[in-house]
Amino acid sequence: MTQERHNLLAQLVADVTQLGVLHPQIILQAIVLVLCWGTAYWLALRALKHRKLQDLPWKTGEEGLRRVLFPALALLLVSGANLLLHLIDKQRMNSMLGLANVLMLAMVNIRILVYAIRRVFNEASWVHRGERYIAAVIWCVYVLHVIGILPEVLETLDSISFDAGKVHISVLTVLQGLLSVAVTLLLALWFGRTLEQRLMVAEVMDMNVRVVLVKVIRSALVVIAVLLSLSMVGIDLTVLSVFGGALGVGLGFGLQKIASNYVSGFIILLDRSIKLGDLISVDNRQGVISGLTSRYIVLKASDGTESLVPNDTLITQTVVNQSYNDRSVWIGLPVSVAYDSDLEQVMKVLVSVTEGNTRILANPAPGAFVTAFADSGINLTLGFWLADPENGQMTLKSDLNLKIWQAFKAHGIEIPYPRRDITILPQSAASTGH
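Residues numbered from 1 in each chain as written. Predicted model: local features only at pLDDT ≥ 70, side-chain atom pairs only at ≥ 80, totals over all residues. Heavy atoms only, no water.

**A closer look at the overall build of the protein chain**
- When helices and strands are tallied, the protein chain shows 13 helices and 10 strands.
- Burial statistics for the protein chain: of 434 residues in total, 32% are counted as buried.
- A separation of at least 24 residues holds for 63% of the contacts in the protein chain among residues at least 6 apart in sequence. (Helix = DSSP H or I, 4+ residues; strand = E, 2+ residues; numbered from the N terminus. Buried < 20%, exposed > 50% of the residue type's maximum accessible area, 1.4 Å probe, protein only. Contact = heavy atoms within 4.5 Å.)

Next up, the structure:
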């Protein structure tokens, strides 16, 4: 004998057909449903209007609260009304409220899932494009449940099966396993990103410590999520020993470079040899570290280009860190003047052009130095300490050269240029010399 399907939609249609649209039970359910939805909408507006969400300590949940507040409140109110009506009259069939509950639950699930995916994948463009497909899949599942077909679909999927040793595998168990893995991983990544955002703004800790904690926590959460999902689908965790052996062989043959990069990344972060914002030179590249990952660092040059330098390169090669103990760097600006110039005045003029520049440190003070007596003139160097080398030097040097040019013109100081004097001898002198 076939078990009768629990069809919420068919039950509602049967109740309306049997009792009539204007029957008190149908009208009461409709009034209760409208009141619950209206109350939920009013409460959501009041909460979002008077509650300053931006001041909440868990800012990550602000957007999620806005998206899920109305359907969640509606679900709670309708469930409460349905329970109250059932307690008043246990023979009453509140099919309309039951169907509304299922729809509200579907909306809550869709909005929570889409919000979680957005947070995990950092508002990726494919997430926005795939929202409708995610919502369509969830709605299809709930539609199958509403019309009572879902149990038969599950039975059909479970019937397509085979035995692998002592394990019974079916399409249904595979889908359940994939779903459990996806859900647990999604929750782990979501929780990891939330912790990352909280830790990265914790100024009481060193930046390298924060980065290490974030990487360790996220890796641990992923491992725990995989283990939990495998246990949920009934997979014996002892099979992971085989996987561990295969992974060891893989590391020995072809993945040692990847493993080296990951280990080097943790070493660099723990010994604090470099950190975010440092100005370094490595492998014929110079730039500011704008990103630290488990496998590489992001080195942003002064022209805006970004290089991905593997972590093991920072371990095996010499790294010039201009921000290790002190961020300031010494800059020398070469200048030449004519031999008939007053050197003391020239040196005072050179130092004066650095006054008022916020990027040049006042202590140690800038200075002018005579470096060489060249063929065409006297070479000098204007030396100073730059406070923010990560912002580049080209603009600063251009401004200083322009000020030097203007100051030299104002004080009558000549900038020499290569010159050759040619003496033409008279014809008689030339003949006598011959």
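Following the structure, the description resumes.
**Here we look at a nonpolar patch on the surface**
- Residues Val21, Leu22, Ile27, Ile31 and Leu35 make up a contiguous nonpolar surface patch of roughly 500 Å² in combined accessible area.
- Structurally, Val21 can be placed in the loop between helix 1 (8-19) and helix 2 (24-50). (Patch = residues over 30% accessible without salt bridge, like charges linked within 9 Å, V, L, I, M, F, W, Y side chains within 5 Å. Areas by Shrake-Rupley, 256 points an atom, 1.4 Å probe, with all protein chains shown as cover. Salt bridge = Lys/Arg side-chain N within 4 Å of Asp/Glu carboxyl O.)

**Considering the pattern of salt bridges**
- Counted by the stated rule, this structure contains two salt bridges.
- Note that Arg285 and Asp283 form a salt bridge whose closest N and O atoms lie 2.9 Å from each other.
- The partly exposed category is assigned to Arg285, whose relative accessible area is 36%.
- Residue Asp283 is classed as partly exposed on the basis of its relative accessible area of 35%.
- A salt bridge links Asp388 to Arg359; the nearest nitrogen and oxygen atoms lie 2.9 Å apart. Within this pair, whereas Asp388 is found in the loop between strand 10 (378-386) and helix 12 (394-411), its partner Arg359 is found in the loop between helix 11 (343-352) and strand 9 (367-373), the two being separated by 29 residues in sequence.

**Structural notes on the packing of aromatic side chains**
- Going through the model one piece at a time under the given rule, you end up with one aromatic pair.
- Ring geometry for Tyr41 and Phe70: centres 6.1 Å apart, planes at 85°, overall edge-to-face. Note that Tyr41 is positioned in helix 2 and Phe70 in helix 3 (residues 61-88), a separation of 29 residues in sequence. (Phe/Tyr/Trp six-rings, centres within 6.5 Å; stacked < 30°, edge-to-face > 60°.)

**Quick notes on the packing of helix 6 (residues 150-159) against helix 7 (residues 171-200)**
- Axis separation between helix 6 and helix 7 bottoms out at 5 Å; the angle between their running directions is 105°. Looking at the two axes, helix 6 sits roughly perpendicular to helix 7. Contacts between helix 6 and helix 7 pair Leu154, Leu157 and Asp158 from the former with Val171, Leu172 and Leu175 from the latter.
- For the contact of helix 6 with helix 7, the residue count by class is five nonpolar, no polar and one charged. (Axes fitted to C-alpha atoms, helices over the stretch in contact; angles between N-to-C directions. Parallel < 35°, antiparallel > 145°, perpendicular 65-115°, else oblique. Nonpolar A, V, L, I, M, F, W, Y, C, P; charged D, E, K, R; others polar.)

**Focus: the sheet that holds strand 8 (residues 329-337)**
- Taken together, the three strands give an open sheet; going across it, the order is 8-10-9, and neighbouring strands pair in antiparallel fashion. Every interior strand has two partners, whereas the edge strands, strand 8 and strand 9, have only one. Sheet twist, expressed as the mean angle between neighbouring strand axes with direction ignored, is 30°.
- In this sheet, strand 10 lies alongside strand 8 in antiparallel orientation, the contact comprising nine bridges. (Pairing = 2+ DSSP bridges.)

**Some details on the sheet that holds strand 4 (residues 285-292)**
- Taken in spatial order, the five strands of this open sheet run 6-5-4-3-7, and their pairing is antiparallel. For this open sheet the edge positions go to strand 6 (306-310) and strand 7 (320-321), each flanked by a neighbour on one side alone.

**Section: helix 11**
- Of all the positions in helix 11, only Val346, Val349 and Leu350 are classed as buried. The buried residues of helix 11 occupy an angular sector of 100° when the element is viewed end-on, so they sit on one face. Helix 11 presents Glu344 and Lys348 as exposed residues on the side facing more than 90 degrees away from its buried surface.
- Tucked inside the fold, the buried residues of helix 11 contact strand 8, strand 9, strand 10 and helix 12. (Arc of directions from axis to C-beta.)

**A closer look at the layout of surface pockets**
- Its volume calculated, the largest pocket comes out at about 940 Å³.
- Those elements that place two or more of their residues in the lining of the largest pocket are helix 4 (95-120), helix 5 (125-146), helix 6 and helix 7.
- Sort the elements by how many residues they give to the lining of the largest pocket and helix 7 lands first, with 10 residues.
- In terms of residue class, the lining of the largest pocket is made up of 22 nonpolar, two polar and no charged. (1 Å grid on protein atoms, 1.4 Å probe; cavity = no way out; pocket = protein on both sides within 12 Å on 5 of 7 lines; lining within 4 Å. Points joined across faces, edges and corners; volume = space filled by probe spheres on them.)

**Remarks on the confidence of the model for the protein chain**
- Overall, the prediction assigns the protein chain a mean pLDDT of 76, with 77% of residues at 70 or greater.
- In the model, residues 1-5 has pLDDT below 50 throughout and makes four contacts with residues more than four positions away in sequence or in other chains.
- When the criterion is pLDDT under 50, residues 57-61 qualifies, and its contacts beyond four places in sequence or with other chains add up to nine contacts. (pLDDT = per-residue confidence, 0-100.)

**Some thoughts on the nonpolar core**
- With 22 residues, the main nonpolar core has Leu350, Ile404 and Phe408 as its most contacted residues.
- Those elements that place two or more of their residues in this core are strand 8, helix 11, strand 10 and helix 12.
- If we ignore the near neighbours within four places in the chain, the residues touching Leu350 are Val335, Ala368, Leu380, Leu382, Ile404 and Phe408.
- Membership of the second largest hydrophobic core comes to 13 residues, among which are Val211, Ile274, Ile297 and Leu299. (Core = buried A, V, L, I, M, F, W, Y, C linked by side-chain atoms within 4.5 Å.)

**Some details on unusual backbone geometry**
- Residue Pro364 is reached from Asn363 by a cis peptide bond, and omega for that bond is 0°.
- Looking at the secondary structure, you find Pro364 in the loop between helix 11 and strand 9.
- Despite not being glycine, Asp283 shows a phi value in the positive range, around 55°.
- Mapped onto the elements of the fold, Asp283 is located in the loop between strand 3 (279-282) and strand 4.
- In this structure, Asn284 takes a positive phi of about 60° despite not being glycine.
- Here Asn284 lies in the loop between strand 3 and strand 4.
- Classification of Asn284 by relative accessible area gives exposed; the value is 83%.

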